[in-house]
Each structure stands twice: as C-alpha cells, then as structure tokens.
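Residue-level structural notes
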Amino acid sequence: MGKLRILTIPTDEINLRKRSKEVTEITPEAKAVIADLIDTLKSSERPGVGLAAPQIGHNLRIVIIESEGYERDKGEIVDRIPRKILINPKITKFSKEKVVIEEGCLSVPTIMGNVKRPKKVKVEAQDEKGKKICINASGFLARVLQHEIDHLDGILFIDLIEDKKSIREI
Ligand code: ZN
C-alpha cells in the first residue's frame, strides 16, 4: 500500500483502455484502492488534481479529486479542491454550453491540449461509506470530474482534442 506507479501511455495503453467495473460493495480491496489513490496523487511529481483507479492498475469505478491549489505552467491558478472520493460516479446532466480548456493527464506524461466539454455537469456517486452524493459542478471542477470519469470507460483526453494545433509538448 501507499504510493503506486501511475500507468502511462504508450506502455500501459491496454490497461488504461479497459472499462472499469462497478463497485458493488465497499470491500477491504476497494478501501485499499482508495488509500492508494490518495497516497499516489499526493506524492505525484507532477501536480495532479484527480486520479482514477485504472491509472494505478485497478479496474474499479473509483476516482479521487483533490488539490492543494497550484499555478499551472501558463500562470493559471488552480484553486484548492477539498478531497472528494467518488465510487461509481455517473454524470446525470450535462449543460448544453461547452467550453474549451487545456487538459493534461498524469497517464499522458508528454502532452497537453485543448478539449471542449460541457461547462457544467451534475454527478451522482457514492462516497467511501456508500452514502449517495450529488455534485453540481461548473468551471474547473466540472472539467476535472468529466476527465476522471472518462478514465473509467477507457477514454483519454487525447481522444477528444479537436484542434490538433493546440497540442503542445511538456
Ligand atoms: Zn487523466
């Protein structure tokens, strides 16, 4: 337990592309995955704001979101986001309005690029105790939620970049 290796493309593409399984019961295994997600995100060399279980090699529908706040490399400030543990998260509403935001991913270590997604989303999930939670998110949080939930279906942000000219190496 503790810090695990974050799977990256191209090496781990097969595992990152799998659809993750629903969590039917919060077993000791699921709890261990949550603890590992927290430790791995916290000790990541590159700042991250979220991590999904498949990124550490567990194909379970669990994501965590947390940030102490930091400055992105374009001078943009990422606000502090208190820790959220989401089990079986599902987006139940998307706004019609979409926004373009530059995304990166700890599993895609070399590039960033612009992705257009709905500006607001409603997410339903369970917390680590199995309690139902609902989040109405907009702005950066809405973006992070969509990115992380995509990981559970094997979707990476690079699949969604329309403007290939926005891709830049980091
Ligand atoms: Zn990611």
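Source: prediction; values computed, not measured.

Another aspect to go through is the overall build of the protein chain. Looking only at helices and strands, one finds three helices and ten strands in the protein chain. Scanning the protein chain from its N terminus toward the C terminus, one meets helices and strands in the order α-α-β-β-β-β-β-β-β-β-β-α-β. Relative to its length of 170 residues, the protein chain is compact, with a C-alpha radius of gyration of 15 Å against a globular reference of 15 Å. Dimensions of the protein chain, computed from C-alpha atoms along their principal axes, come out at roughly 45 × 35 × 30 Å. The burial tally for the protein chain puts 48% of its 170 residues in the buried class. The contacts of the protein chain with a sequence gap of at least 6 include a subset with a gap of at least 24, amounting to 66%. Surface summary for the protein chain: the accessible area is close to 9200 Å², and the carbon and sulfur share equals 51%. Of the charged side chains in the protein chain, 31 are positive and 27 negative; the average position of the first set lies 5 Å away from that of the second.

Our next topic: the coordination of the zinc ion. Around the zinc ion, the protein contributes the donor atoms Cys105 (SG), His147 (NE2) and His151 (NE2), which lie 2.0 to 2.2 Å from the metal centre. On the primary sequence, the residues serving as donors to the zinc ion are separated as C-x41-H-x3-H. Residue cysteine 105 is found in strand 6 (residues 98-105), and its partner histidine 151 is found in helix 3 (residues 139-151); the two are separated by 46 residues along the sequence. Take cysteine 105 and histidine 151: they sit in the same class, and that class is buried.

Spatial ordering of the open sheet is given by 6-7-10, a layout of three strands whose pairing is antiparallel. Two strands bound the open sheet, and with one partner strand each, they are strand 6 and strand 10 (168-169). Examined bridge by bridge, strand 7 (residues 108-118) and strand 10 share two bridges and lie antiparallel to one another. The residue bridging methionine 112 from the neighbouring strand is arginine 168, located in strand 10. Together, strand 6 and strand 7 form the strand contacts of helix 3, whose direction differs from that of strand 6 by roughly 60 degrees.

Between its terminal C-alpha atoms helix 3 stretches 19 Å, which fits the 18 Å expected from 13 residues at 1.5 Å a residue. Of all 13 residues that make up helix 3, eleven are buried, and the element is covered over most of its length. If you check which residues of helix 3 are buried, you get Leu141, Ala142, Arg143, Val144, Leu145, Gln146, His147, Glu148, Ile149, Asp150 and His151.

Let us now look at the sheet that holds strand 1 (residues 50-52). Reading across from one edge, 1-2-5-8-9 is the order of the five strands in this open sheet, with antiparallel pairing throughout. One side of each edge strand has no neighbouring strand; the edge strands of this open sheet are strand 1 and strand 9 (132-138). Within this sheet the neighbouring strands show an average axis-to-axis angle of 40 degrees, counted without direction. Bridge analysis of strand 1 against strand 2 (residues 62-67) gives three bridges, and the strand direction is antiparallel. Paired with glycine 50 across the bridge in strand 2 is isoleucine 65. Sitting on the sheet, helix 2 (residues 28-42) is in contact with strand 1, strand 2 and strand 5 (81-94), with an inclination near 30 degrees to strand 2. Where helix 3 meets the sheet, it contacts strand 1, strand 2, strand 5, strand 8 (120-126) and strand 9, and its direction lies at approximately 125 degrees from that of strand 9.

Proline 10 follows isoleucine 9 through a cis peptide bond whose omega is 0 degrees. Take proline 10: it is sitting in the segment before helix 1 (13-16). Positive phi is not limited to glycine here, since asparagine 88 has a value of about 50 degrees.

About the cut-offs
Residues numbered from 1 in each chain as written. Predicted model: local features only at pLDDT ≥ 70, side-chain atom pairs only at ≥ 80, totals over all residues. Heavy atoms only, no water. Helix = DSSP H or I, 4+ residues; strand = E, 2+ residues; numbered from the N terminus. Rg over C-alpha atoms; globule rule 2.2 N^0.38 Å. Buried < 20%, exposed > 50% of the residue type's maximum accessible area, 1.4 Å probe, protein only. Contact = heavy atoms within 4.5 Å. Areas by Shrake-Rupley, 256 points an atom, 1.4 Å probe, with all protein chains shown as cover. Lys, Arg positive; Asp, Glu negative; His and termini not counted. Charge placed at Lys NZ, Arg CZ, Asp CG, Glu CD. Donors = N, O, S within 2.8 Å, 3.2 Å for Na, K, Ca; no water. Pairing = 2+ DSSP bridges. Axes fitted to C-alpha atoms, helices over the stretch in contact; angles between N-to-C directions. Expected span 1.5 Å × (residues − 1).

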